[in-house]
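Residue-level structure breakdown
For reference, the chains in residue letters:
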Amino acid sequence: MELSEVTSRRVLLGLGAFALAALAAGDAEAGRRARTGVAHSRARAVIPHVNVPTPAPPVPTPIPTPIPPRAEPVHRLQDLRPDAPANAIALTIDDGPQPEWTPKMLDLLAEHDVKATFSLIGIQVKEFPRLAQRIVAAGHELCNHTMHHPIPFNELSAKRVTNEIAEAHARIADVTGITPKFFRSPGGAWSKRILHIAAEGGMQPIDWDVDPRDWSRPGTAHITRSMLGCRAGAILLCHDGGGDRSETIKALHTVIPKLKARGLSFIPL
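Residues numbered from 1 in each chain as written. Predicted model: local features only at pLDDT ≥ 70, side-chain atom pairs only at ≥ 80, totals over all residues. Heavy atoms only, no water.

Thoughts on the overall build of the protein
Regarding its fold elements, the protein presents eleven helices and seven strands. In the protein, buried positions account for 49% of the 269 residues. By sequence separation, contacts in the protein at least 24 residues apart represent 77% of the contacts at least 6 residues apart. Counting every atom, the protein has about 12,700 Å² of accessible surface; 56% of that belongs to carbon and sulfur. (Helix = DSSP H or I, 4+ residues; strand = E, 2+ residues; numbered from the N terminus. Buried < 20%, exposed > 50% of the residue type's maximum accessible area, 1.4 Å probe, protein only. Contact = heavy atoms within 4.5 Å. Areas by Shrake-Rupley, 256 points an atom, 1.4 Å probe, with all protein chains shown as cover.)

The structure is reproduced here in structure tokens:
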């Protein structure tokens, strides 16, 4: 992992013992780079010393506090936030950040004054850190969606599940300064083990109530019809990553104002 050493170690250790495997993987990668860079290090040794200003220490990332594991993931907004307004719904957006569709999604949400929850994939955050930072700057909530989005997630070994969650958690926190409070399992595949590991990292497990299956590109009309079928308290699922999301963007331009006209209010998780 190419994370800030101080920050990433603090976050991973804060996640509990299960994160040690991910930390070890990062150390192994660092060792590999160090071994392959020996020749370069020797070459640099003959360069005269130049005074370089000491960089400012990294801003400490909050260490997550473990929470009691849930027996099942959250499907409805009131199951997570009993104090949420009666007319509230939550829009969740998965599989980004993605350089073409995430900016369009952010522009759309800003146009309609909607705050959403973005389920981020760690490898995407690594590749497009500025987009992850833009999501936070716009006031949206973050959710851990694993490092590589492997499917079926609930059939992986305990070690792989642990690494996927812990590494993504550290990556998101290091890039954005935000430690995710939520976790979404790829494909909505859950197990007791996954629920337990998420709770160790201080994350609530988030599923959904309305799924238009926009990732399969079923057509703008299908996505629109499915999302308009929601009711108060719903958690809606859609995507800004994983492929061509033009149908999703077009549908949301219709869905958001129509749901607002029905008196529903969008809030982040």
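Thoughts on the packing of aromatic side chains
Applying the stated criterion across every chain yields a total of two aromatic pairs. A centroid spacing of 6.2 Å and a plane angle of 45 degrees characterise the contact between Phe 153 and Phe 183, whose relative ring orientation is tilted. Of this pair, Phe 153 sits in the loop between β3 (141–144) and α8 (158–176) while Phe 183 sits in strand β4 (residues 182–183); the two residues are 30 residues apart in sequence, bridging distant segments of the chain. Residue class for Phe 153 comes out buried when judged on its relative accessible area of 0%. Aromatic pair Phe 183 and Trp 190: ring centres 5.9 Å apart, planes at 85 degrees, arrangement edge-to-face. For the pair shown, Phe 183 and Trp 190 are each scored as buried. Taken together, the aromatic side chains of Phe 153, Phe 183 and Trp 190 make up a single cluster linked through ring pairs. (Phe/Tyr/Trp six-rings, centres within 6.5 Å; stacked < 30°, edge-to-face > 60°.)

What about the side chain of His 239?
Within the secondary structure, His 239 is located in strand β6 (residues 235–239). Classification of His 239 by relative accessible area gives buried; the value is 7%. His 239 has contacts with Ile 93, Asp 94, Asp 95, Met 105, Asp 214, Trp 215, Arg 245 and Thr 248, leaving out every residue within four places of it along the chain.

A word on the side chain of Thr 224
With respect to the secondary-structure elements, Thr 224 resides in helix α10 (residues 220–228). Only 2.8 Å separates the side chain of Thr 224 from the backbone oxygen of Thr 220, close enough to count as a polar contact. The residues touching Thr 224, leaving out its near neighbours within four places in the chain, are Ala 251, Thr 254 and Val 255. (Polar contact = N/O pair within 3.5 Å; in protein donor to acceptor, adjacent residues only side chain to side chain.)

Regarding the pairing of β3
Residues of β3 alternate between two faces, with Glu 141 and Cys 143 on one and Leu 142 and Asn 144 on the opposite face, all of them buried. Summarising the sheet, strand β2 (residues 117–120) and β3 pair through four bridges and their orientation is parallel. Paired with Phe 118 across the strands is Leu 142, a residue of β3. (Pairing = 2+ DSSP bridges.)

Topic: helix α9 (residues 192–200)
Listing the buried residues of α9 in full gives Ile 194, Leu 195, Ile 197, Ala 198 and Ala 199. Tucked into the core, α9 has its buried residues touching α8, β4 and β5 (204–205).

Quick look at unusual backbone geometry
With an omega of 0 degrees, the peptide bond running from Gly 96 to Pro 97 counts as cis. Locating Pro 97 in the fold gives a position in the loop between β1 (88–96) and α5 (101–111). Residue Pro 152 is reached from Ile 151 by a cis peptide bond, and omega for that bond is 0 degrees. Take Pro 152: it is sitting in the loop between β3 and α8. Phi angles above zero are rare outside glycine, and Asp 95 is one such case at about 80 degrees. In this structure Asp 95 comes out as buried when scored by relative accessible area, which is 12%. Of note, the phi angle at Thr 146 is positive, near 75 degrees, even though the residue is not glycine. Mapping Thr 146 onto the fold places it in the loop between β3 and α8.

Some thoughts on the packing of α8 against α9
Relative orientation of the contacting elements α8 and α9 amounts to 35 degrees, with a least axis distance of 10 Å. The element α8 and its partner α9 pack so that their crossing is right-handed. Side by side, α8 and α9 meet where Ala 158, Val 161, Thr 162 and Ile 165 of the first sit next to Arg 193, Ile 194 and Ile 197 of the second. The residue makeup of the contact of α8 with α9, split by class, is five nonpolar, one polar and one charged. (Axes fitted to C-alpha atoms, helices over the stretch in contact; angles between N-to-C directions. Left-handed = near helix turned anticlockwise from the far one by under 90°. Nonpolar A, V, L, I, M, F, W, Y, C, P; charged D, E, K, R; others polar.)

Honestly, it's all geometry; don't read function into it.
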